[in-house]
Structure formats: structure tokens, C-alpha cells
Amino acid sequence: DGRGGGSAPVAEWLASLVRAGVGVESLLPLVLPLPSAALVDGTDLPALVEGALRRAGRRPRDVTLMLTPDLVELPRASVLTAVSGLRSLGFRCGFGTAMTRPDLVVEATPFLIRLDPVLVSGIDGDQRNGGIVDGLARIGRSSGVYAMADGVDRSEEIVRLRACGVRLGCGAYFADPAWRPGEKV
């Protein structure tokens, strides 16, 4: 899939995702996956990603790079350095899992943190997951990080998520999983 073997292939893979949508998308801000393991391969990943995306017609401020869930396995210093480097170029960073340590979220202050579908599914009837989501949303609000609920399927989940302070979401409730930018919702 083009994501292994160092930062240059990762940067070009991200650029190919942007180029693939150029003909149909409406210049909405993009959220692109960024394999977290690429943060520690010793290359200048931020500069490679910036160059590849600029060649594909996107500016860093238009892109949120969603670090994959394996970021929880990386050394803290590497995550902090990489997020800082990407942010210094104008990229917004997201943490692709709510399993990230809360103190790392507070220190790195990503743009957003993705609340996993397992936490969101059935949240309207599950007090335990509701408590976790409420706590993560509070941590985010207190440090300037948006919580984004992934896998929202029903209006009842939206009501509970809003009560927890979550204002961003995605899932089948909003658009069919096959939806692509530029298509009608």
C-alpha cells in the first residue's frame, strides 16, 4: 500500500491520496492517515510530507494528519518532536485513537483526538463508555484539543455525545461509508 519502507514512500502515498481526489473534491479540509511508525525512522518526515502535499496542490493548513493508533507504542519524545515539527510547518495533527495517554494529549496538544468506534457505539445506553468519552472530551476542552467521535450510527448517540461535549463526528449517520468528498450527502 506504499506506506512501508521509510518516510519518502509515506509522503508520496499521502500525496497520491490528495491527487486521487483532486477531480471530485471541493477543497474541504482533508484528514489523512499518517502511519505513526514513520515518525521514528530518522528522516525529516515533516519536510517530505509538506513537499509532497504542496506538489499535489495542498497547503499544510488544509490538512490534518491523523496519526495511526500505533502512536501509543512509540517513545514519547519521538511523538512530541514529530507533532511539533508537523505543526511548525502548519499541519494540524490528530491522534487516531483515544487510547493515547491523557498526559501525552495535554503535552502534545494535537488538533483533535479520534474517539474509537468501540467507545461511540451504543454510548447512549452504556454509562461506562459515556464516562470515558466525557472524561476525554473534558481533557480535550481544557487543553484546546477537539474530540471527534468515529462510527456514529444513530441520532441517540449524537445526543449523548453532545451531552459529553463532543462536537465533531463521522460515521454512517452522516454519510454512507462509500461517500467521497465532492459527492452529495
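Residues numbered from 1 in each chain as written. Predicted model: local features only at pLDDT ≥ 70, side-chain atom pairs only at ≥ 80, totals over all residues. Heavy atoms only, no water.

**Describing the packing of aromatic side chains**
Going through the model one piece at a time under the given rule, you end up with two aromatic pairs. Plain terms: the ring middles of Tyr-173 and Phe-174 are 5.5 Å apart, the flat faces sit at 90 degrees to each other, and that makes the pair edge-to-face. The residue whose ring lies beneath Arg-92 is Phe-111, and the NZ or CZ to ring-centre distance is 4.7 Å. (Phe/Tyr/Trp six-rings, centres within 6.5 Å; stacked < 30°, edge-to-face > 60°. Lys NZ or Arg CZ within 6 Å of the ring centre and 35° of its normal.)

**Quick word on helix α6 (residues 127-143)**
For α6, which comprises 17 residues, the first-to-last C-alpha distance of 24 Å matches the rise-based estimate of 24 Å (1.5 Å per residue) to within 8%. Of all the residues in α6, the buried ones are Asn-129, Gly-130, Val-133, Leu-136, Ala-137, Gly-140 and Ser-143. Of the surrounding secondary structure, the elements contacted by the buried residues of α6 are α4 (102-108), β4 (112-115), α5 (117-120), β5 (146-150) and α7 (155-163). The distance from a side-chain oxygen at the start of α6 to the backbone nitrogen of Arg-128 is 3.0 Å, and the residue carrying that oxygen is Asp-126. The positive-phi residue at the C-terminal boundary of α6 is Gly-144, with phi of around 80 degrees. (Helix = DSSP H or I, 4+ residues; strand = E, 2+ residues; numbered from the N terminus. Expected span 1.5 Å × (residues − 1). Buried < 20%, exposed > 50% of the residue type's maximum accessible area, 1.4 Å probe, protein only. Contact = heavy atoms within 4.5 Å. Polar contact = N/O pair within 3.5 Å; in protein donor to acceptor, adjacent residues only side chain to side chain.)

**Comments concerning empty space enclosed by the protein**
Applying the stated criterion to the full structure yields one cavity of 30 Å³ or more. Its boundaries defined by the atoms lining it, the largest cavity holds a volume of some 40 Å³. Around the largest cavity, the lining residues are Pro-102, Val-105, Ile-113, Leu-136, Ile-139 and Gly-140. If you list the elements that add at least two residues to the lining of the largest cavity, you get α4 and α6. Ranked by the residues each element gives to the lining of the largest cavity, the list is headed by α6, at three residues. Looking at side-chain class alone, the lining of the largest cavity contains five nonpolar, one polar and no charged residues. (1 Å grid on protein atoms, 1.4 Å probe; cavity = no way out; pocket = protein on both sides within 12 Å on 5 of 7 lines; lining within 4 Å. Points joined across faces, edges and corners; volume = space filled by probe spheres on them. Nonpolar A, V, L, I, M, F, W, Y, C, P; charged D, E, K, R; others polar.)

**Comments concerning the sheet that holds strand β6 (residues 168-170)**
Spatial strand order, β1-β2-β3-β4-β5-β6: six strands in an open sheet with parallel pairing. Edge positions in the sheet fall to β1 (30-34) and β6, since each has one partner strand and no second. For this sheet, the mean inter-axis angle between neighbouring strands, taken without regard to orientation, is 30 degrees. The pairing of β5 with β6 spans three bridges and is classified as parallel. Across the sheet, the residue bridging to Met-148 is Leu-168, located in β6. (Pairing = 2+ DSSP bridges. Axes fitted to C-alpha atoms, helices over the stretch in contact; angles between N-to-C directions.)

**Comments concerning the nonpolar core**
Generally speaking, soluble globular proteins have nonpolar side chains that are buried together. Counting residues in hydrophobic clusters, the biggest one holds 47 residues, and the most contacted among them are Leu-14, Leu-34, Leu-65 and Phe-95. Setting aside residues up to four positions removed in sequence, Leu-34 forms contacts with Val-10, Leu-14, Leu-39, Leu-45, Leu-65, Met-66, Leu-67, Thr-68 and Leu-86. (Core = buried A, V, L, I, M, F, W, Y, C linked by side-chain atoms within 4.5 Å.)

**With respect to the pairing of β1**
Residues in a regular strand point their side chains to alternate faces of the sheet. Of the two faces of β1, the one lined by Leu-30, Leu-32 and Leu-34 is fully buried and the one lined by Val-31 and Pro-33 carries no buried residue. Sheet analysis places β1 next to strand β2 (residues 63-67), joined by five bridges and oriented parallel. Within the sheet, the bridge partner assigned to Leu-34 lies in β2 and is Leu-67. Each parallel crossover has a hand, and the one from β1 via helix α2 (residues 45-55) to β2 is right-handed. (Right-handed = clockwise from strand over helix to strand, strands pointing away.)

**Observations regarding the confidence of the model for the protein**
The pLDDT averaged across the protein works out to 84; a share of 89% of its residues lies at or above 70. When pLDDT is averaged over each helix and strand of the protein, the minimum, 73, is found for helix α1 (residues 7-21) and the maximum, 96, for α7. (pLDDT = per-residue confidence, 0-100.)

**Thoughts on the pattern of salt bridges**
By the definition in use, this model includes 12 salt bridges. Residue Asp-103 pairs with Arg-76 through a salt bridge whose shortest N-O separation is 3.2 Å. Linking Asp-103 in helix α4 with Arg-76 in helix α3 (residues 76-88), this pair joins segments that are 27 residues apart in sequence. Owing to a relative accessible area of 29%, Arg-76 belongs among the partly exposed residues under this scheme. Taken together, the shared-partner salt bridges in this structure form one network comprising Arg-76, Arg-101, Asp-103 and Glu-107. (Salt bridge = Lys/Arg side-chain N within 4 Å of Asp/Glu carboxyl O.)

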